[in-house]
Amino acid sequence: SFELRTAYQAAHLAAHLRVWTHATSLGGVESLIDYRHRYDSSVSAKLLRISIGLENAQDLIEDLQAGFK
């Protein structure tokens, strides 16, 4: 889990990734990103949770780097 500086940044990053799936972890093998505030307003709007799956590590890194731009 990590927090970004603003709620806009967190929502924007979660919505603009192509390799990561936007979902709550269900114990699968795919990489997931969870913007919990979308469903639960008691959670910080700047918080993102990630679950790393079996995809190529470089693909995941590049996707995050592109999302941060």
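Please refer to the structure placed before this passage.
These figures come from a predicted structure and were not determined experimentally.

Visitor: What is the right way to read the nonpolar core from this model?
Guide: The nonpolar side chains of a soluble globular protein tend to be buried, and buried together. Ranked by size, the top nonpolar core spans 13 residues in total, and within it Leu17, Trp20, Tyr35 and Leu48 carry the most contacts. Looking at this core, the element that brings in the most residues is helix H1 (residues 7-15), giving three residues. Beyond its immediate sequence surroundings of up to four residues, Leu17 is in contact with Ile33, Asp63, Leu64 and Gly67.

Visitor: Whenever I open this one, helix H2 (residues 57-68) confuses me. Can you help?
Guide: Given a rise of 1.5 Å per residue, twelve residues ought to cover 16 Å, and the 17 Å separating the end C-alpha atoms of H2 matches this to within 8%. Within H2, burial applies to Leu60, Asp63, Leu64 and Gly67. Buried residues along H2 cover an arc of 95° about the axis, so they all sit on one side. Packed against the buried residues of H2 are H1. A distance of 2.8 Å separates the backbone nitrogen of Gln58 from a side-chain oxygen at the start of H2, and that oxygen is part of Asn56.

Visitor: Just checking my understanding: could you explain the sheet that holds strand E4 (residues 47-51) for this structure?
Guide: Backbone-to-backbone hydrogen bonds join strands into a sheet, with any given pair of strands oriented parallel or antiparallel. Pairing within the open sheet is mixed, and its four strands lie in the order E1-E4-E3-E2. What marks the edges here is a single partner per strand, and that holds for strand E1 (2-3) and strand E2 (21-22). Where E1 lies against E4, two bridges are found, and the strand directions are antiparallel. Paired with Glu3 across the strands is Leu47, a residue of E4.

Visitor: Got a minute to help me understand the pairing of E4 in this structure?
Guide: One face of the sheet, then the other: side chains in a regular strand alternate in exactly this way. Looking at chain direction, strand E3 (residues 32-34) and E4 are connected through three bridges and run antiparallel. By the bridge assignment for E4, Ile33 is matched with Ile50.

Visitor: Would you mind showing me how to read the pattern of salt bridges here?
Guide: Pairs can form between side chains of opposite charge once their charged atoms are near each other. A full pass over the atoms with the stated rule returns two salt bridges. Ionic pairing is found between Asp34 and Arg36, a salt bridge with its closest N-O pair at 3.1 Å. With a shortest N-O distance of 3.6 Å, Asp34 and Arg49 are connected by a salt bridge. Placement of the pair is Asp34 in strand E3 and Arg49 in strand E4, with a sequence separation of 15 residues. Classification of Asp34 as buried rests on a relative accessible area of 3%. Residue Arg49 is classed as partly exposed on the basis of its relative accessible area, which comes to 34%. Here the salt bridges do not stand alone but share partners, grouping Asp34, Arg36 and Arg49 into one network.

Analysis parameters
- Residues numbered from 1 in each chain as written.
- Predicted model: local features only at pLDDT ≥ 70, side-chain atom pairs only at ≥ 80, totals over all residues.
- Heavy atoms only, no water.
- Core = buried A, V, L, I, M, F, W, Y, C linked by side-chain atoms within 4.5 Å.
- Buried < 20%, exposed > 50% of the residue type's maximum accessible area, 1.4 Å probe, protein only.
- Helix = DSSP H or I, 4+ residues; strand = E, 2+ residues; numbered from the N terminus.
- Contact = heavy atoms within 4.5 Å.
- Expected span 1.5 Å × (residues − 1).
- Arc of directions from axis to C-beta.
- Polar contact = N/O pair within 3.5 Å; in protein donor to acceptor, adjacent residues only side chain to side chain.
- Pairing = 2+ DSSP bridges.
- Salt bridge = Lys/Arg side-chain N within 4 Å of Asp/Glu carboxyl O.

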